[in-house]
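Overview (structure and organization)
If you want the building blocks of each chain, they are given just below.
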Amino acid sequence: MSQQVRFKPQAELAATIPVNVEKVRHPHYGRYLEEFVPGNVFAHPRGFTFLPSQMEAFARTYLQCNPLYLNAEYARAHGFADLVASPQMVFNVVLSLGVQNDSEKAMANLGYYDAQFLQPVYPTDTIRAFTKVMDRKDRGAGKPGIATIRTLGVNQHGAVVLQYERKIMVAGRGDRPATTPLPTGPMAEFPWVEEACVSLPDFPASTPSRLTGPNSWFEDFSVGEIIVHANGRTITDEHLALTYAVGNTHPLHFDRVFSTGLSGKMSGDPIVYGGLVFAWLEGLASRDVSENSVWEMGFTEGYHTQPATTGDTVAALSRVLAIEDAPGELASRFGVVTFQLIGVKNISAAQALSTHGEDLFIKENDKKDLGKEKVGDKIFEIERRLLIKKRG
């Protein structure tokens, strides 16, 4: 259905309307610490429709090597309905949809926890995001506080595709004006899934096996093994546009006037949005660890330990933390591998391992209690789990 409407011609008006500099609004977004009220739910604006071209561009930009994200026939041959959106894209979109409400005023992202991918995202799926405030910690006068939030992404059918928790450092409001108020009326639903099950396809008895490398099957991994990923990736000013390509609205990542106007160590060129750094590191590792994965189960204990800016080159290492058979009937064909993913900058992964040894794999937040110095070359650490095909 459509309708035809005739509007009157547009006339020039600016010269006839007096300028009133007393009648000015300054909309601003994000929230101050006091505005994170435990129990509040934020329904984030816009949503995001996953187009096939965007999905492929993301996978290639971030060096993904798993054919599930690049080859629609391969994905269908494994029982999926179509090409599968990279979990990194899903995570970045869901987080970014929430920035306007959650973290556009955040001073730092303190950690990612208990992320679970529960449903595949396919071409033309549309995702909305919601956040619930779980806790707020005031650290005293003049100090930024910590907000703990849960965020989830829901598809057009109402199914949760991703859920995770994170902590952000946020300043108090002080004498500054309040931000965008919550809508009036009933609060949005927040369908967080406890003891969640993952929606996987019925994998066919036979799947393609010559479209992946030879060393990333379940049997190829052993606990304690360290995998040094060969390539690095130099980040250019491309990150300014890539930030909003996933919907992130924080000016720290694309507004040089804003970033240079900050005080302290954050002042300078725009900082690369951390989700993009995570995606590049995961992509650099993908040929070696996830090429034969059929599902990214999730991740936890994720920390950005140093920022990255234009011109930095990032590299990655993985360490095998655990291996086990998949549950139930999947056990004969699949196993679960838990990895620790480490990111470094402006040094090769091999040189970082040679220089720092085991200290590279110790959580940076634990080092003070252990009497150890933090590793300046290290930019990221996280633990992730993959469901990986067995060679047989």
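Please read these numbers as outputs of a predicted model, since none were measured by experiment.

**A look at the side chain of N40**
You can see N40 is positioned in the segment before β1 (41-43). With a relative accessible area of 14%, N40 lands in the buried category. In contact with N40, not counting residues within four places along its chain, are T131, K132, V133, L182 and M187.

**A short note on the nonpolar core**
In this structure, F50, V90, F91 and F339 are the most contacted members of the largest nonpolar core, which totals 69 residues. Counting residues per element, this core draws most heavily on helix α7 (residues 274-289), at 9 residues. Aside from chain neighbours lying at most four places away, what touches F339 is F221, I227, V289, S318, R319, V320, L321, I382, E383, R384, L386 and I388. Ranked by size, the runner-up nonpolar core spans 10 residues in total, among them I342, V344, A349 and V375.

**Points about the side chain of R166**
Looking at where R166 falls in the secondary structure, it is placed in strand β6 (residues 160-170). Buried within the structure, R166 lacks any salt-bridge partner; its nearest side chain of opposite charge belongs to D102, at an N-O separation of 4.7 Å. There is a polar contact of 2.8 Å between the side chain of R166 and the side chain of S103.

**Quick word on the environment of I388**
Within the element layout of this structure, I388 appears in strand β11 (residues 378-389). The class for I388 is buried, based on a relative accessible area of 0%. In the structure, I388 is positioned 241 residues away from A147 in sequence and 35 Å away in space, judged by C-alpha atoms. Other than its neighbours up to four places away in sequence, I388 contacts S216, W217, F218, F221, V289, N292, S293, R333, F334, G335, V337 and F339.

**Concerning the packing of aromatic side chains**
Tallying each qualifying case throughout the model produces 19 aromatic pairs. Measuring from centroid to centroid gives 6.2 Å for F36 and F42, while their planes differ by 65°, and the two rings are edge-to-face. What makes F42 buried here is its relative accessible area of 1%. Ring centres 5.0 Å apart and planes at 85° place the aromatic pair F91 and F299 in the edge-to-face group. With F91 in helix α3 (residues 87-97) and F299 in strand β8 (residues 293-304), this residue pair connects regions lying 208 residues apart in the sequence. Considered together, F91 and F299 belong to a single accessibility category, that of buried residues. Of the aromatic side chains, those joined through ring pairs into one cluster are F91, Y112, F117, Y164, F278, F299 and F380.

Conventions used here
Residues numbered from 1 in each chain as written. Predicted model: local features only at pLDDT ≥ 70, side-chain atom pairs only at ≥ 80, totals over all residues. Heavy atoms only, no water. Helix = DSSP H or I, 4+ residues; strand = E, 2+ residues; numbered from the N terminus. Buried < 20%, exposed > 50% of the residue type's maximum accessible area, 1.4 Å probe, protein only. Contact = heavy atoms within 4.5 Å. Core = buried A, V, L, I, M, F, W, Y, C linked by side-chain atoms within 4.5 Å. Lys, Arg positive; Asp, Glu negative; His and termini not counted. Salt bridge = Lys/Arg side-chain N within 4 Å of Asp/Glu carboxyl O. Polar contact = N/O pair within 3.5 Å; in protein donor to acceptor, adjacent residues only side chain to side chain. Phe/Tyr/Trp six-rings, centres within 6.5 Å; stacked < 30°, edge-to-face > 60°.

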